[in-house]
Amino acid sequence: MEGLKTHKRRDFKMKKRGNILLLGLMFVAFSFFASSSWSQKTTLTFWMHHHPPAYDFYTTKIIPEYEKLNPDIQIEYSAIPYPVYQQKLPIALAGGTGPDMFGLGDWNIAEYVARGQLEPVDPGILGFENQEELEKAWISGSLDGLKLGGRIYCLPWEYNTFSLFINNKHFREAGLDPNNPPKTWREILTIGKKLTKREAGKVIRAGFDWVYGQSIWYMLHFSPLLWQLGGSILNPAGTGCAMNTSAGVSALKMYGDLASIAGAEFGADFPTEDFATGKVSMWISGIWYIPWALQINPDLDFSVASLPTFQGKSRTTVLYAWGWCVNSHSKRKTEAWKFIDFLTKKAPEFFIKIAYIQPRRGWLDDPQIKKSEMYNYLSVFLDDFKYGRYLLRSEHYSEIQEAVTRAIERVAITGMDPEESIKILESDIKLALR
Amino acid sequence: MFYLSLHSWSLLSSPRFIGFENYKFLPQDSVFIKSAKVTFCYLLGMIIFGPLALILGIALNQDFRFKQLYWGIFFAPYVISLVVSSLVWKLIYNPSAGLLTLFTSPLGLHIKWLKDEHYALPAIMVYSLWVYIGYYSTLWLAGLKGIPPECYEAAAIDGAGKWTIFRYITLPLLKPVTLFIIVVSVIGAVQMFVPFFVMTQGGPAGATQTLAYYIYKVAFSFLRMGYACTVSVILFVLVFIFALIQVKFFKES
């Protein structure tokens, strides 16, 4: 009897263990089948530089919407701080671990094309017969920055120019009329000094300030000054430095004079907060800054004006575009271009939510755009677009940009004579172009 | 590394042999020359701070209340992540609202610290001192503990004063530790990267761009791996020569 009980107990224990094992195996099998590697989902990796309003828009609206429409696609989105993005992206692409699609500034196109890292746009996937038909769908000239050797490599999610932002309240306090903004750099200098406030020798409000510490901002701010005076960084052949001219010296001097208003005071790496919080009275930025500023300070009383110029000189502004690009080594190029096609048809939402201008033809006719708050500021930027010019193109763009950054900082921050700084720049550019 | 320094290589294709071309560019490279000067200044600063760690080590070698607590306080910065502590110090150095302004503003001083080419490097040196003083003082302390007490007793019997004991007994017997600390601090100083990356990104105007930061930039921003290896080789050779000189100096004396 005891032996029978023991046998039954043993039998029960074995059955219990067997059931637990079976359940465990079923669980593992279920997890395995449920995972995307076994399912039909395709994961598309997507990298961009970090821009807080855009991050929210992508993660809460655009990507979920696309994934709902395309249940077989999963978008893995990464927003990386720009200074890190500049290094992380090319290294990842070079090492074979880059994303399927990514954001790129037009100034980097030549470098990435030279390295074979960009896939040219496939008009067929986007529903166009050929590139010519594709270009007709965009505002004339808006794809030029993302084109090289006649081929388009990216489609723009941002098409920008820089204009002048002024704090209306500061102007009124100083007895100035915000409806009569400064039109020349000399006026910016005079008004900037007037609007600057100091306390015990410390600047507590800058009448005007540049952005320091990020090379691309130096290029975007400095280049129009140089162009307005008829100068350029490289010679027409792109084989040497062309800054050692009166235009180069004068542009650098004016940049330095404007920097001396506050003396690179606030130490912020990105002064988006400074203008929004009233620490800076005037600065130069794009329309995309407006939602960001209003997010920081909804009560900000500001207006926008045309980019200043030099008295009697040609009106030239800067044009730049951020584009969606596809990794030439990606195994999901078609899926990437299809997602980009979806994104390019969201122009009204991009503009209303985050003031990104997508220059698709007819975008301005959308009634939603005309009703949006951003529309009130658009006319100034649209006017500045007409005089816009893209930054220089070179396979060695990054090195040239670094050299120009050092040249500008030597003048603006350390107070070096512009001519002396340009002499060093010539040697640095010669090395960069080797 | 030396092999790659003889090549032009962007990671995207096979390295292309160019001989010593990369080395020929070095004298023309104003950024390399400036970075070398910055590295040398930083190195000098770290060596000069060395005696401070010794003083702390001597202090910690005494018996007093809460000695372990003080030791822990000084050693703690060494175990904190360099990125985290660099970010904190970047805020401390903020000229508008940083902690340091509490002390400088009442004195009428307004220093832009990390944005001023004269102060940026010393500011990072002070940070580095804060990080490493506990570590180096611990090494000194270990050296001090290794000195036989009989030496001090004998000196005391002979009527030697404290300074004489320190000069003729303590310091000579600390030579092995001194050599180790100098070599380790030199290697650590030339390799230092994080605070320069986090706090200043090599600026303003290259005032804090060390060779380590420059190598990083050349390799990963400009994708000139061959040239980055060239600068690395030069850095290695300089550190190696320095270490050899130190060893020879301490051996002879």
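Quantities reported herein were computed from a predicted structural model and do not represent experimental measurements. (Residues numbered from 1 in each chain as written. Chains lettered and ligands numbered in written order. Predicted model: local features only at pLDDT ≥ 70, side-chain atom pairs only at ≥ 80, totals over all residues. Heavy atoms only, no water.)

Caption draft 1: Geometry of the pairing of strand β7 (residues 154-161) of chain A. All names here are of chain A. Summarising burial for β7: 8 of the 8 residues are buried, a large majority. Bridge count between β7 and strand β13 (residues 317-327): 7 bridges; the pairing is antiparallel. Residue pairing in the sheet places Leu155 in a bridge with Trp324 of β13. (Buried < 20%, exposed > 50% of the residue type's maximum accessible area, 1.4 Å probe, protein only. Helix = DSSP H or I, 4+ residues; strand = E, 2+ residues; numbered from the N terminus. Pairing = 2+ DSSP bridges.)

Caption draft 2: Layout of the pattern of salt bridges. Per the stated rule, a full pass over the model turns up 23 salt bridges over all chains. One salt bridge in this structure joins A:Glu173 and A:Arg205, with 3.5 Å as the shortest N-O distance. Note that A:Glu173 is positioned in helix α6 (residues 168-173) and A:Arg205 in strand β10 (residues 202-205), a separation of 32 residues in sequence. Across the pair B:Arg224 and A:Glu399 runs a salt bridge whose closest N-O atoms are separated by 2.6 Å. Of this pair, B:Arg224 sits in the loop between α13 (211-220) and α14 (225-252) while A:Glu399 sits in helix α16 (residues 397-412), each in a different chain. In this structure, B:Arg224 and A:Glu399 share a single accessibility class: buried. One salt-bridge network, held together by shared partners, links A:Lys61, A:Glu65, A:Lys346 and A:Glu349. (Salt bridge = Lys/Arg side-chain N within 4 Å of Asp/Glu carboxyl O.)

Caption draft 3: Structural view of the state of the cysteines. Residue and element names in this part refer to chain A. Within this structure, the stated rule accounts for 1 disulfide over all chains. Disulfide partner of Cys154: Cys325, at an S-S distance of 2.3 Å. As the torsion about the S-S bond is roughly 95°, the Cys154-Cys325 disulfide counts as right-handed. Here Cys325 lies in strand β13 and Cys154 lies in strand β7, a separation of 171 residues in the sequence. No difference in accessibility class separates Cys154 from Cys325, as the two residues are buried. (Disulfide = S-S within 2.5 Å.)

Caption draft 4: Molecular detail of helix α3 (residues 82-94) of chain A. Residues and elements named next belong to chain A. Compared with the 18 Å implied by 1.5 Å per residue over 13 residues, the 18 Å span of α3 between its first and last C-alpha is a close match. Of all the positions in α3, only Tyr82, Tyr85, Gln87, Leu89, Pro90, Ala92, Leu93 and Ala94 are classed as buried. Just downstream of α3 lies Gly96, where phi reads positive at about 80°. (Expected span 1.5 Å × (residues − 1).)

Caption draft 5: Up close: helix α13 (residues 347-354) of chain A. All names here are of chain A. Most of α13 sits out of view: 6 of its 8 residues are buried. Residues of α13 that are buried sit in contact with α2 (52-69), α11 (289-296), β13, α12 (333-344), α14 (367-371) and α15 (375-385). Ala355 sits one or two positions beyond α13 and adopts a positive phi of about 55°. (Contact = heavy atoms within 4.5 Å.)

Caption draft 6: A look at the interface of chain B and chain A. The partner chain A presents 33 residues to the 30 residues of chain B that form the contact. A buried area of about 2900 Å², summed over both sides, lies between chain B and chain A, and 54% of it is on carbon and sulfur atoms. Residues A:Glu402 and B:Lys217 are paired through a salt bridge, measuring 3.2 Å at the closest nitrogen-oxygen approach. The interface formed by chain B and chain A contains 8 residue pairs in polar contact (both at pLDDT 80 or more). When residues of the side of chain B that touches chain A are traced back to their parent elements, those giving at least two are α3 (30-48), α13 and α14 of chain B. When the residues that make up the side of chain B that touches chain A are grouped by side-chain class, the tally is 15 nonpolar, 8 polar and 7 charged. (Buried area = accessible area lost by both parts, 1.4 Å probe. Polar contact = N/O pair within 3.5 Å; in protein donor to acceptor, adjacent residues only side chain to side chain. Nonpolar A, V, L, I, M, F, W, Y, C, P; charged D, E, K, R; others polar.)

Caption draft 7: Region of the structure containing the environment of B:Leu171. For B:Leu171, the location among the structural elements is in helix α10 (residues 162-173). Sequence-wise, B:Leu171 and B:Phe32 are 139 residues apart; in three dimensions their C-alpha atoms are separated by 38 Å.

Caption draft 8: Examining the side chain of A:Ser285 more closely. Residues and elements named next belong to chain A. Within the secondary structure, Ser285 is located in strand β11 (residues 282-285). Overall, Ser285 belongs to the buried group, its relative accessible area being 0%. Among all residues touching Ser285, those that are not within four sequence positions of it are Thr161, Phe162, Ser163, Phe165, Trp217 and Phe381.

Caption draft 9: Main features of the packing of helix α8 (residues 120-145) of chain B against helix α11 (residues 175-191) of chain B. Residues and elements named next belong to chain B. Two elements in contact, α8 and α11, have axes separated by 10 Å at closest approach and are oriented at 160°. Classified by the interaxial angle, the pair formed by α8 and α11 is roughly antiparallel. Here the hand of the crossing between α8 and α11 comes out right-handed. Counting all contacts with α8, which are made through Tyr135, Tyr136, Leu139, Trp140 and Gly143, the residues of α11 involved are Val177, Thr178, Phe180, Ile181, Val184 and Ser185. Residue composition of the contact of α8 with α11, grouped by class: 8 nonpolar, 3 polar and no charged. (Axes fitted to C-alpha atoms, helices over the stretch in contact; angles between N-to-C directions. Parallel < 35°, antiparallel > 145°, perpendicular 65-115°, else oblique. Left-handed = near helix turned anticlockwise from the far one by under 90°.)

Caption draft 10: Seen up close, the pairing of β11(A). Residue and element names in this part refer to chain A. Of the two faces of β11, the one carrying Met282 and Ile284 and the one carrying Trp283 and Ser285 are both buried. Pairing geometry for strand β8 (residues 163-167) and β11, over 4 bridges, is antiparallel. Within the sheet, the bridge partner assigned to Ser163 lies in β11 and is Ser285.

Caption draft 11: Layout of the sheet that holds β11(A). All names here are of chain A. Ordered by their spatial adjacency, 3 strands build an open sheet running β11-β8-β12, and the pairing between neighbours is antiparallel. Bordering the open sheet on either side are β11 and β12 (302-305), each of which pairs with just one other strand. Mean inter-strand twist for the sheet, computed between neighbouring axes without regard to direction, equals 30°. Relative to β12, β8 is paired through 4 bridges, and the arrangement is antiparallel.

Caption draft 12: Structural detail: the nonpolar core. Core analysis: the largest hydrophobic core is formed by 143 residues, its most contacted members being A:Tyr58, A:Trp185, A:Trp210, A:Ile233, A:Trp324 and A:Phe339. Residues in contact with A:Phe339, not counting those within four places in the same chain, are A:Leu44, A:Phe46, A:Ile63, A:Tyr66, A:Ile75 and A:Met101. Grouped together as the second largest cluster of nonpolar side chains are 48 residues, B:Leu6, B:Ile124, B:Ala189 and B:Met192 included. (Core = buried A, V, L, I, M, F, W, Y, C linked by side-chain atoms within 4.5 Å.)

Caption draft 13: Representation of the packing of aromatic side chains in the model. Scanning all chains against the criterion turns up 63 aromatic pairs over all chains. Where A:Phe165 meets A:Phe381, the ring centres are 6.1 Å apart and the plane angle is 55°; that geometry is what we call tilted. Placement of A:Phe165 in strand β8 and of A:Phe381 in helix α15 is noted, with a sequence separation of 216 residues between them. Note on A:Phe381: relative accessible area 1%, which makes it buried. Plain terms: the ring middles of B:Tyr93 and B:Trp113 are 5.6 Å apart, the flat faces sit at 45° to each other, and that makes the pair tilted. Note that B:Tyr93 is positioned in the loop between α6 (82-92) and α7 (101-104) and B:Trp113 in the loop between α7 and α8, a separation of 20 residues in sequence. The same class applies to B:Tyr93 as to B:Trp113, namely buried. The cationic tip of A:Arg115 hangs over the ring face of A:Tyr112; the distance from NZ or CZ to the ring centre is 5.2 Å. (Phe/Tyr/Trp six-rings, centres within 6.5 Å; stacked < 30°, edge-to-face > 60°. Lys NZ or Arg CZ within 6 Å of the ring centre and 35° of its normal.)

Caption draft 14: Summary view of the environment of A:Phe57. With respect to the element layout, A:Phe57 can be found in helix α2. Here A:Phe57 is in contact with A:Ile62, A:Glu349, A:Phe350, A:Lys353 and A:Ile354, once residues within four sequence places are set aside.

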